[in-house]
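Chain by chain, the residues run as shown.
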Amino acid sequence: DAGVTQSPTHLIKTRGQQVTLRCSPKSGHDTVSWYQQALGQGPQFIFQYYEEEERQRGNFPDRFSGHQFPNYSSELNVNALLLGDSALYLCASILQSSGNTIYFGEGSWLTVV
Amino acid sequence: DQQVKQNSPSLSVQEGRISILNCDYTNSMFDYFLWYKKYPAEGPTFLISISSIKDKNEDGRFTVFLNKSAKHLSLHIVPSQPGDSAVYFCAASPYLQGAQKLVFGQGTRLTINP
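Below is a short write-up of the structure. (Residues numbered from 1 in each chain as written. Chains lettered and ligands numbered in written order. Predicted model: local features only at pLDDT ≥ 70, side-chain atom pairs only at ≥ 80, totals over all residues. Heavy atoms only, no water.)

### A few points about the overall build of chain B
This is how it is decided: In this text, helices come from DSSP runs of H or I with a minimum length of four residues, and strands from runs of E with a minimum of two, each type numbered from the N-terminal end. Both definitions apply: the radius of gyration is a C-alpha atom measure, and the globule rule equals 2.2 Å times residues to the power 0.38. Only heavy atoms enter the contact rule, under which two residues are in contact if any of them lie within 4.5 Å. Positive charges come from Lys and Arg, negative ones from Asp and Glu, while His and the chain ends are left out of the count. Lysine's charge is taken at NZ, arginine's at CZ, aspartate's at CG and glutamate's at CD.
Of regular secondary structure, chain B possesses zero helices and eleven strands. In summary, chain B has a C-alpha radius of gyration of 13 Å against a globular reference of 13 Å for 114 residues, a match within 12%. Along the first, second and third principal axes, the C-alpha atoms of chain B reach 40 × 30 × 25 Å. A separation of at least 24 residues holds for 55% of the contacts in chain B among residues at least 6 apart in sequence. Charge-centre separation for chain B: the mean point of 11 positive side chains lies 3 Å from the mean point of 9 negative side chains.

### Topic: the packing of aromatic side chains
Note the following rule: Aromatic rings from Phe, Tyr and Trp, with only the six-membered ring used for Trp, were paired whenever their centres fell within 6.5 Å, and each pair was classed as stacked if the ring planes differed by under 30 degrees, edge-to-face if by over 60, and tilted otherwise. Buried, partly exposed and exposed residues are distinguished by accessible area as a fraction of the type maximum, computed with a 1.4 Å probe on protein chains only: under 20%, between the cut-offs, and over 50%, respectively.
The final tally for this structure, using the stated rule, is twelve aromatic pairs over all chains. Judged by centre distance (5.1 Å) and plane angle (65°), the ring pair of Phe-60 of chain A and Phe-64 of chain A falls under edge-to-face. By the burial criterion, Phe-60 of chain A is buried, and Phe-64 of chain A matches it. What links up through ring pairs into an aromatic cluster is the set Tyr-35, Phe-45 and Phe-104 of chain A together with Tyr-36, Phe-46, Phe-89 and Phe-104 of chain B.

### Topic: the state of the cysteines
So the rule is basically this: Cysteine sulfur atoms are paired as a disulfide whenever they fall within 2.5 Å.
Going through the model one piece at a time under the given rule, you end up with two disulfides over all chains. Each sulfur of the disulfide joining Cys-23 of chain A and Cys-91 of chain A lies 1.8 Å from the other. Judged by the torsion about the S-S bond (-65°), the Cys-23 of chain A/Cys-91 of chain A disulfide is left-handed. With Cys-23 of chain A in strand E3 (residues 19–24) and Cys-91 of chain A in strand E9 (residues 87–94), this residue pair connects regions lying 68 residues apart in the sequence. Residue Cys-23 of chain B pairs covalently with Cys-90 of chain B via a disulfide, S to S 2.0 Å. Sign of the S-S torsion, about -70° for the bond between Cys-23 of chain B and Cys-90 of chain B, identifies this disulfide as left-handed.

The structure is reproduced here in structure tokens:
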């Protein structure tokens, strides 16, 4: 049973560049959320995707956008990168209709220089 | 506005003793609470949860207590083992099913000493 998988695991980008992070949900799950975890902090909710639409959004600027594909996988895009975007980006998945346990992937470490 | 707070950044406990991790919240709309454990270079791993209709939930060595009037929950680990050394996050959600928008505390680093 494949858990939540994310790619890439680590990447370094320059200020002003754009980045795309990818996530495959746990088998059987249809809803994906993205979180940002800065060093020494708890994860912060970015947004949630269900049925290929953004359903909920946290307090993040429009530079953060996403997409969900028909196979339930998802992408997180961040434009015009800032140094403060350096963080661990976590993907989480759940079955919308009946699930109450959210499973997380191992995350993608983004460093902006 | 920190809606979920873990006021102890770190905790050190002797192996075999009880570890108690605390969490406070301010939003009375929160209906569902979870504890996650995180090792370095790994994603958070679900440990145990509790809904607001209960005041206690137990799973093996882990027990979560919820005091709604005080807006406080705690995680008890008995007995503590070296493998329990990790960062523990408390999280809350206003939803039970399909809960996705979790609000996390800052985490508590638990160290179990042999």
